[in-house]
Structures are given as C-alpha cells and as structure tokens.
Amino acid sequence: MTADLTSLTGLDVPTGLYVGGQWGRGRGGATFPVLDPATEESLAEVADASAADAIDAVAAAHDALPGWAATAPRQRAEILRTAFELMTQRSEQFARLMAAENGKSLRDARAEAAYAAEFFRWYAEEAVRIEGTLMRAPSGANRILTLRQPIGVSLLITPWNFPAAMATRKIAPALAAGCSVVLKPAEDTPLTAFAMAALLEEAGVPRGVVNVVATRREGAAGVVAAMMADDRVRKLSFTGSTQVGRILLRQAADSVINCSMELGGNAPFVIFEDADIPAAVEGAMLAKMRNGGEACTAANRFYVHEAVADEFTSEFAARLRALRVGPGLEEGTDLGPLVNQATLDKVSGLVADATGNGGGKIVLGGQAPDRKGYFYDATLIDAVPSDAGILDAEIFGPVAPVVRFTDEADAIRWANDTEYGLVSYVYTRDLARGLRVSEALEAGMVGLNRGLVSDPAAPFGGVKQSGLGREGAGEGLLEYTETKYIATDW
Ligand code: ADP
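This one's a predicted model, so the numbers in the text were calculated from it and none came from an experiment. (Residues numbered from 1 in each chain as written. Predicted model: local features only at pLDDT ≥ 70, side-chain atom pairs only at ≥ 80, totals over all residues. Heavy atoms only, no water.)

The next thing to look at is the packing of helix H3 (residues 73-89) against helix H7 (residues 190-203). Geometrically, a packed helix pair is captured by the angle between its two axes and the distance between the axes. Running from amino to carboxyl end, H3 crosses H7 at an angle of 125 degrees, the nearest separation of the two axes being 8 Å. Looking at the two axes, H3 sits oblique to H7. Note that H3 runs across H7; the crossing there is right-handed. Every residue of H7 that contacts H3 at Ile 79, Thr 82, Ala 83, Leu 86 and Met 87 is listed here: Met 196, Leu 199, Leu 200, Glu 202 and Ala 203. Of the residues contributing to the contact of H3 with H7, the split by class is 8 nonpolar, 1 polar and 1 charged. (Axes fitted to C-alpha atoms, helices over the stretch in contact; angles between N-to-C directions. Helix = DSSP H or I, 4+ residues; strand = E, 2+ residues; numbered from the N terminus. Parallel < 35°, antiparallel > 145°, perpendicular 65-115°, else oblique. Left-handed = near helix turned anticlockwise from the far one by under 90°. Contact = heavy atoms within 4.5 Å. Nonpolar A, V, L, I, M, F, W, Y, C, P; charged D, E, K, R; others polar.)

In structure tokens, the structure reads:
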C-alpha cells in the first residue's frame, strides 16, 4: 500500500530524479520503495538512478557551474535567504515528511527542520563575505594577492538520520561559494532531498546548479563510483559511516578530489563528581535520545564518577522510563522506531553482548517491544566494564551504557581509547577542570556542560577516523573554495 504523501505531509513531494532542472524517471525507468519505518509500508516509489543518470547529473552541474560562479554574491545570498524563508514557512510539512520516512518523532523532526533552515540563513549571510588577502612580500619586491574561487562541481552524499539538515549543511555553503552540486541522498530518506530540490528551484536556484539522484542501497556504490571517476567532479562532501568514507577516500585518490568527510562517532559523556546532576541528566537526554540515538554525535558511552553514579543513573532511568514510544508522526511520541531492520538487529545484538559476556546490568529496557515496526525500548545498562564490546561500536539507537570511574585520568584515557574523535561531553562545575579535560579529549568538538553542540555558526567535524574538514561556520564555506595566489608586481 502506498500512503498518500501529500495528505500525510501537506507537501507536494516529487519522486523523480532532478537533473538539469528537470524531474524524470532516469534512463532505465527503475524505481524503489521508500518505507515508513513505523509501519513497514511503502510511502512512495522513487526513481532509481543508474550510473548513466548520475553522469547526466554531473554534466548538468558542470554546464551550470560557470554561470553560477559568475553570479553576484549578493544574488546568491538573496536566493539562499529566500530558501530560508520558504523552509521556515514549510517547516511543519518538512517535519512531517521526515517523521514519515525516517521515523523520528515530530518533536525531533520540527527541531531538525528549523536547524536545517538555519544553514540557508547562515550561508546567505556568509556568501557576501568571501574575502581574499593582500600583503607585501617579505622581500619588499612584490605583492602577494590571494582570492577564493569556487572549487567546482561538488558531489554531496548524505545519510538518512538527518535527511534535511545534512543536505542543507552541504548545499548552502556550496551554493554560497559559487559551486554547483549533485546530491545523492540516502536510500532510506530520499523524499526530503527531493522536496528540498523543489524548494530551491522555487527560491530561484538556476537549472543544473542543484541536481539530486537517489538510488536503492545496492546501487549506491556503482552510482557514486561512476561520479567519483568523472574528473569534472572536484569536491566530495560525505556524511556517513567511516567504513564507506574509507572507500570514497580511496576513490578520491584517483582524480585527487578534495574531500570533506563527516564520519562515525563514539562520543564519551563524562560526568565528574562535582557536576550539576540535574543538568547532566538533561544533557544526557539530549545527547543520547535526540533522534532516538541515531546521530553521529549521540552519547555512546557514559563515564560517571562512582560518587554520583547512583544518583545519575536513577534520575536518568526515571526520565527514560517516562518516554512514550510510538510512530514518529503521532503527536506526543518521544521515541520513534529505528530506521530499518538492519539497525534494529544491530542494536539488539549490542545489548545482548553488553549484558551477556559484557557483564552490564540492565536498569531499564533491553528489548524490542512486541509490535510492528523497527521499535526498540529506551535502555540503560549500568556497571558496564571498561573493556566491553558495546563501548567500541557506534550504537545508533536508544541505548545508554554506563561505566563507573573514580580517577579523572582513567576517564580521559578510556574516553580517548577509540579510533573515533567526533565529539565528547563533559559535566563539571569546575570550569578550569572542564577546560583542562576538554583540551585533553581527542575530539573535534566538546560539549562542556552542554548535551548539544550542533550550530550552523560553529565548526562541526571530527578528528582521527571521524573525519576531515569542518561543516558550518565560516570554515564550512571555505571547504568549497580554492585559494588562488597571484604574485603581483606594480
Ligand atoms: P549509514 O550506516 O548511516 O547508513 P552509510 O555510510 O552506509 O551510513 O551511508 C551513507 C551514505 O553513503 C548513503 O547515502 C549511502 O547510500 C551511501 N553509500 C553507502 N555505501 C556506499 C558506497 N559503497 N559507495 C558510495 N556511497 C555509499
């Protein structure tokens, strides 16, 4: 059964490929279904791009590039500003669409719609501030002039967990810089990307500047590899797993494509004995439960000082117990289903492992409720040994393992004992300690007495195997530019 998307969301959602300003079914005319994870029923059949369709999209982006790069920054800014206003007007519709295809609660979806729109506003403001430099050479003989030029056709690959925000976080800076793009959304959530393309067209983005090609899961590798092998593509911005990121970095080597990579995370959440515990519980709810734990920034491991561990776990458990599990689209739902069966299987397996041989004690949850859909209960596991397997894996679900510690040095060592380095969270009332620990943590971002770090005005990104480059802030725009240096004599 196919739900009527328009009546469900209030948006007229396209389901084709968007290439050169045209909606189409692609050369082969193949389609694939997008499922509602709360019902496992089809929401829509969408066009399944082939490698040839993807190359058509690269060609369209390449043709549109010179005109867009030459467009006045003010005009690019006005278009992005219009996109912000349109998205703000339609945030409820976008929220409903994301709740439908991703499964997240309407509350999370509304927050995402607002957050996603902010990237358009922020980069509308940045588009007119792309500066160069002029300096006198040390020898005094000449001048060193630098300017920033658009890097070129940019391939944007996004995951399913934030279908709107991961797209706008890439599209907005690329467009601000004067680049044209091909967006390949995740197979679980292409509808939001299509709706976004329609919105950008309405905002005045010229044909071919934004192109969108979706594929079924099995097609992603071939379609993306074809684009990566096309030397008109000069930039890759990828958000997804470290495993796929490594494959793409290898492909990028062949034509030396500039890469920004936002990969996996394994965020530690460290609570010291001097922390404000109610604030830490509040932060933990955000860091763990926003999006049902399906975020690369999700708190993955709670290191709690022994002196406050009982108080923290009992208050955290009480908050988790009160969460209402249900379909994302149902008003009042706090915790929607996971996105698909594979994610549900993975989360169940990790919990079984942590409580079986792992030695952890289930305080709350620990199972999938007996109902249709990919639901998993909010779960708290206490007394997890510091070497348990669950602490090495990106859980991507509503499961919080707690490890108790007594020594600050142990907490830092354990927190850093991972190949990942995206974000860490620290709770302490002692700001000097907080800053000292923040410096010692191997992460691109730290939430110091904060359970949420994402902000369009801040540089988002990881160290170690969590990624390369930054998104958001001024830095996010520079990722779509090349520096040109002109040695000048006058
Ligand atoms: P997740 O585990 O969050 O699904 P993935 O890294 O698997 O993360 O997916 C992120 C994005 O990468 C999606 O758009 C997906 O279609 C795409 N993708 C998956 N596998 C490949 C691949 N082998 N080559 C290129 N893109 C891929």
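Helix length check: helix H10 (residues 277-289) (13 residues) gives 17 Å between terminal C-alpha atoms against 18 Å at 1.5 Å per residue, within 8%. Buried within H10 are the following residues: Ile 277, Ala 280, Val 281, Gly 283, Ala 284, Met 285, Ala 287, Lys 288 and Met 289. In this fold, the buried residues of H10 make contact with helix H5 (106-126), strand S12 (267-271), strand S13 (299-305), helix H11 (306-321), strand S16 (399-405) and strand S17 (423-427). Immediately downstream of H10, the backbone of Asn 291 shows phi near 65 degrees, a positive value. (Expected span 1.5 Å × (residues − 1). Buried < 20%, exposed > 50% of the residue type's maximum accessible area, 1.4 Å probe, protein only.)

Right, let's talk about the pattern of salt bridges for a bit. All chains considered together, the criterion is met by 26 salt bridges. As a salt-bridge pair, Arg 107 and Asp 334 come within 3.1 Å of each other at their nearest N and O atoms. Linking Arg 107 in helix H5 with Asp 334 in the loop between H11 and helix H12 (341-355), this pair joins segments that are 227 residues apart in sequence. Its salt-bridge partner being Arg 110, residue Glu 331 comes within 2.8 Å of it at the nearest N-O pair. Within this pair, whereas Glu 331 is found in the loop between H11 and H12, its partner Arg 110 is found in helix H5, the two being separated by 221 residues in sequence. In the salt-bridge network here, residues are joined through shared partners; they are Glu 273, Asp 274, Glu 408, Arg 433 and Arg 436. (Salt bridge = Lys/Arg side-chain N within 4 Å of Asp/Glu carboxyl O.)

Glancing now at the site of the ligand. Near the ligand, the surroundings consist of 17 residues, among which Thr 158, Lys 184, Glu 187, Arg 217 and Ser 241 are the closest. One of the side-chain N or O atoms of Trp 160 is found 3.0 Å from an oxygen atom in the ligand. Between an oxygen atom of the ligand and a side-chain N or O atom of Glu 187, the distance comes to 2.6 Å. For the ligand, whose accessible area on its own is 550 Å², the fraction buried by protein is 85%. Elements with a minimum of two residues in the shell around the ligand: helix H8 (217-228), strand S10 (233-239) and helix H9 (242-254). Residue contributions to the shell around the ligand peak at 4 residues, all from H8. (Near = heavy atom within 4 Å. Polar contact = N/O pair within 3.5 Å; in protein donor to acceptor, adjacent residues only side chain to side chain. Areas by Shrake-Rupley, 256 points an atom, 1.4 Å probe, with all protein chains shown as cover.)

You can see Gly 283 is positioned in helix H10. Of the residues examined, Gly 283 reaches a relative accessible area of 3% and is grouped as buried. Apart from residues lying up to four places away in sequence, Gly 283 is in contact with Phe 269, Tyr 427 and Gly 451.

With that out of the way, let us pick up the nonpolar core. A general tendency of soluble globular proteins is for nonpolar side chains to be buried together. Grouped together as the largest cluster of nonpolar side chains are 69 residues, with contacts concentrated most on Met 87, Phe 94, Phe 120, Ile 171, Leu 175, Leu 191 and Val 210. If one sorts the elements of this core by residue count, H5 sits on top with 10 residues. Here Leu 175 is in contact with Trp 68, Arg 76, Leu 80, Val 181, Val 205, Val 209 and Val 210, once residues within four sequence places are set aside. Ranked by size, the runner-up nonpolar core spans 35 residues in total, among them Ile 271, Phe 312, Val 402 and Val 453. (Core = buried A, V, L, I, M, F, W, Y, C linked by side-chain atoms within 4.5 Å.)

With that out of the way, let us pick up the pairing of strand S5 (residues 133-136). Where S5 lies against strand S6 (residues 143-150), 4 bridges are found, and the strand directions are antiparallel. Residue pairing in the sheet places Arg 136 in a bridge with Arg 143 of S6. Counting the residues in the hairpin turn of S5 and S6 gives 6 residues, including Gly 140, whose phi is positive at 85 degrees. (Pairing = 2+ DSSP bridges.)

Bringing the sheet that holds S12 into the picture now. Pairing within the open sheet is mixed, and its 7 strands lie in the order S14-S15-S16-S13-S12-S17-S18. Unpaired on one side and paired on the other, strand S14 (361-364) and strand S18 (445-448) mark the two borders of the sheet. For this sheet the average axis-to-axis angle between neighbouring strands, irrespective of direction, equals 25 degrees. Note that S13 and S16 share 4 bridges and pair parallel. Bridge pairing in S16 links His 305 to Phe 405.

Right, let's get into the sheet that holds S5. As a general point, the strands of a sheet are linked pairwise by backbone hydrogen bonds and lie either parallel or antiparallel. Overall, antiparallel pairing links the 3 strands, which are arranged S5-S6-S20 in an open sheet. The open sheet has two free edges, formed respectively by S5 and strand S20 (481-488), since each of these has just one partner strand. Between one strand and the next, the sheet's axes are offset by a mean angle of 20 degrees, whatever the strand orientation.

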